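So the chains spell out like this:
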Amino acid sequence: MAEGIDCAIRVGHVDDPAVIAVPVAEVSRILVAALAVIEEVDTDSVEAISRLPWLALRTFYHDSVELTHVEGGRSRRFSITPRVSTDNLTALRRLVISGFGVAIVPAWRVEEDLAAGRLVQLVPLWQAAPLPVYLVYPYSRFVPPRLRRFIDLIRDQGSELTGMQRR
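Scope of this entry: the structure provided in the associated data block. Every residue gets a number counted from 1 within its own chain, in the order that chain's sequence is written. The predicted nature of this model means local features are confined to residues of pLDDT at least 70 and side-chain atom pairs, given and counted, to a pLDDT of 80 or more, with totals for whole chains, interfaces and linings taken over all residues. No hydrogens and no water enter the side-chain calculation; it runs on all heavy atoms of the structure.

### Here we look at the overall build of the protein chain
- Secondary structure follows DSSP: runs of H or I at least 4 residues long count as helices, runs of E at least 2 residues long count as strands, and numbering of each begins at the N terminus. A tally of helices and strands in the protein chain yields four helices and ten strands.
- Secondary structure elements of the protein chain, listed N to C terminal, follow the sequence β-β-α-β-β-β-β-α-β-α-β-β-α-β.
- On the principal axes, the C-alpha backbone points of the protein chain span a range of 60 × 30 × 30 Å.
- Within the span of the protein chain, comprising 167 residues, buried residues form 38% of the whole.
- Just so you have it, the protein chain exposes about 9,700 Å², and 48% of that area is on carbon and sulfur atoms.
- We treat Lys and Arg as the positive residues and Asp and Glu as the negative residues; His and chain ends play no part in the count. To locate a charge, take NZ of a lysine, CZ of an arginine, CG of an aspartate or CD of a glutamate. Taking the 19 positively charged and 20 negatively charged side chains of the protein chain as two groups, their mean positions are separated by 5 Å. Only protein chains enter the accessibility calculation, which uses a 1.4 Å probe; a residue whose area is less than 20% of its type maximum is buried, one above 50% is exposed, and one in between is partly exposed. Using the Shrake-Rupley algorithm and a 1.4 Å probe, accessible areas are obtained, with residue cover drawn only from the displayed protein chains.

Here is the structure:
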């Protein structure tokens, strides 16, 4: 971590052995598209959705997608060949709104787009696995009191932040 930074918030799994990763919340993810992309497609069918043009957020998925049924817990995995692959969530959202393809995105990020009708949630009973959210800080024998207080605050309040759910 950069000099002068006590900690950071990381979305996604943390594999760095040089940092302590404290789980604080999860971000739910849903599948969305613009209406133009899904004309005459059964938006409740995983099979139909798998054949649509895909966009990928390569940080979290790039050549296959796994969706889990929210009630039954069964999973479906299928391969995708994305039209575009990016690591930028803002670019991905803009591409989806423009009708370029379908994508899995954090639910909080497209809340307004869904309400305004710019996007539609596909297969609402199926979701991608939520992404873990961690507070990370460098490994050290001594944790400053202000950092300890901040960790406690985030653990207690993390699920109240936009788009977060308690882990």
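On we go from here.
### A closer look at the environment of Asp-87
- With respect to the secondary-structure elements, Asp-87 resides in the loop between β6 (84-86) and α2 (89-97).
- Residues Asp-87 and Thr-59, spaced 28 residues apart in sequence, show a C-alpha to C-alpha distance of 5.6 Å.

### Some remarks on the nonpolar core
- One finds Leu-31, Trp-54, Tyr-61, Leu-67 and Leu-122 to be the most contacted residues of the largest nonpolar core, which totals 32 residues.
- Secondary-structure elements contributing two or more residues to this core are β2 (19-33), α1 (46-50), β3 (55-57), β4 (64-69), α2, β7 (103-106) and β9 (126-138).
- Per-element tally for this core: the top contributor is β2, with four residues.
- Counting residues in hydrophobic clusters, the runner-up holds twelve residues, among them Cys-7, Val-143, Leu-147 and Ile-151. Put simply, buried Ala, Val, Leu, Ile, Met, Phe, Trp, Tyr and Cys residues joined by side-chain atoms within 4.5 Å make one nonpolar core.

### As for the pairing of strand β5 (residues 75-79)
- A pair of strands is considered paired only if DSSP assigns at least 2 bridges between the two. Inspection of the sheet shows β4 paired to β5 by five bridges, in the antiparallel sense. Paired with Thr-68 across the two strands is Ser-75, which belongs to β5.
- Joining the antiparallel neighbours β4 and β5 is a turn of five residues, in which Gly-73 adopts a positive phi near 80 degrees.

### Thoughts on the environment of Gly-4
- Here Gly-4 shows up in the segment before β1 (8-11).
- With a relative accessible area of 71%, Gly-4 lands in the exposed category.
- Put simply, Gly-4 and Val-32 are 28 residues apart on the chain and 39 Å apart in space, counted from C-alpha to C-alpha.

### Observations regarding the side chain of Ser-45
- Tracing the backbone through its elements, the reader meets Ser-45 in the loop between β2 and α1.
- Distance and chemistry together define a polar contact, namely a pair of N or O atoms within 3.5 Å, with one atom able to donate a hydrogen and the other to accept it when in protein, and with adjacent residues in sequence counting only for side-chain atoms on both sides. Within the structure, Ser-45 has its side chain in polar contact with the backbone nitrogen of Ala-48 (distance 3.1 Å).

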